[in-house]
Number of protein chains: 2
Amino acid sequence: MSLTQIQSFVAVAEEGHVGRAAHRLHLTQPPLSRHILALEDELGAPLFERTPRGMRLLPAGEAFLQHARRILSEVDAAVHTVRGVVGGPSK
Amino acid sequence: MSLTQIQSFVAVAEEGHVGRAAHRLHLTQPPLSRHILALEDELGAPLFERTPRGMRLLPAGEAFLQHARRILSEVDAAVHTVRGVVGGPSK
DNA sequence: GATCTTTACGACAGACGTAATAATG
DNA sequence: CATTATTACGTCTGTCGTAAAGATC
């Protein structure tokens, strides 16, 4: 599991299409599709239902999405905290 | 930033030595040292004080450590939640 | 000089993109 | 047949490990 895969998952979950999510991430469809497949493989369960009109979250995917968002926002907070500790008090 | 780097950081913070942390992660020292350096480079600030007896956390490192632990435990929770959603109700 | 961490460097695995294939309405 | 996702495949970047080098008591 990687942060890239998690970002990919969130983008696909929000856009509902691999293609649109890929464009948003400045990526092409194949690598993005592989991220999702690898994630599902590692988790041992599918997260999306594939339809000819896009991807729709399954219950397992909705459960994962909540954690995924918290992981990404925690990463963001970690970065800002360090910059705050370093840049803030010393000014 | 990658989960591998975050795991490396936590291991070094807890062990206080790159060598011991590397052994714990089934890795050698050079890649582990590179993970820390890359992380510090990305954050724009050193996280450890290098001494001839090992590595000691700086204030910025202590701040990052709290977030790092939460990120890793959130990842763990995400995995278990998905497995719970998939395996639990269907039994 | 002993104990750490870091840099050099050659080899291998992984990830990207283009192009082709599959599936579905 | 149009639209979407997936697989094949060649290339290229990135990460590993061994070995050498720096730094500090």
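In what follows, the structure referred to is the one given above.
Residues numbered from 1 in each chain as written. Chains lettered and ligands numbered in written order. Predicted model: local features only at pLDDT ≥ 70, side-chain atom pairs only at ≥ 80, totals over all residues. Heavy atoms only, no water.

**A word on the overall build of chain A**
Right, so step 1: Within chain A, the secondary structure is distributed over 4 helices and 2 strands.
Right, so step 2: The order of helices and strands in chain A, counted from the N terminus, is α-α-α-β-β-α.
Right, so step 3: Whereas a compact globule of 91 residues would reach a radius of gyration of roughly 12 Å, chain A reaches 16 Å, over 25% beyond that.
Right, so step 4: Summarising its shape, the C-alpha atoms of chain A cover approximately 55 × 25 × 20 Å along the three principal directions.
Right, so step 5: The 91 residues of chain A split such that 41% are buried.
Right, so step 6: For chain A, the exposed surface amounts to about 5,100 Å²; the carbon and sulfur share of it is 52%.
Right, so step 7: Of the side chains in chain A, 10 bear a positive and 9 a negative charge, and the two mean positions are spaced by 6 Å. (Helix = DSSP H or I, 4+ residues; strand = E, 2+ residues; numbered from the N terminus. Rg over C-alpha atoms; globule rule 2.2 N^0.38 Å. Buried < 20%, exposed > 50% of the residue type's maximum accessible area, 1.4 Å probe, protein only. Areas by Shrake-Rupley, 256 points an atom, 1.4 Å probe, with all protein chains shown as cover. Lys, Arg positive; Asp, Glu negative; His and termini not counted. Charge placed at Lys NZ, Arg CZ, Asp CG, Glu CD.)

**Structural notes on the protein's contact with DNA strand C**
Right, so step 1: Close to DNA strand C lie 18 residues; A:Thr28, A:Pro31, B:Val18, B:Ser33 and B:Arg50 are nearest.
Right, so step 2: Taken together, the sugar and phosphate atoms account for 67% of what DNA strand C places within 4 Å of the protein.
Right, so step 3: Between DNA strand C and A:Arg34 there is a distance of 3.2 Å, counted from a base oxygen to a side-chain nitrogen or oxygen.
Right, so step 4: In the model, a phosphate oxygen of DNA strand C is placed 2.5 Å from a nitrogen or oxygen of the B:Ser33 side chain. (Near = heavy atom within 4 Å. Polar contact = N/O pair within 3.5 Å; in protein donor to acceptor, adjacent residues only side chain to side chain.)

**What about helix α1 (residues 3-15) of chain A?**
Right, so step 1: End to end, α1(A) covers 18 Å across 13 residues, agreeing with the expected 18 Å (1.5 Å per residue, within 8%).
Right, so step 2: Buried within α1(A) we find A:Leu3, A:Gln5, A:Ile6, A:Ser8, A:Phe9, A:Val10, A:Ala11, A:Val12 and A:Ala13.
Right, so step 3: The secondary structure elements touched by the buried residues of α1(A) are α2 (18-24), α3 (29-43), β1 (48-51), β2 (54-57) and α4 (59-87) of chain A together with α1 (3-15) of chain B.
Right, so step 4: Of the residues trailing α1(A), A:Gly16 is marked for its positive phi of about 80 degrees. (Expected span 1.5 Å × (residues − 1). Contact = heavy atoms within 4.5 Å.)

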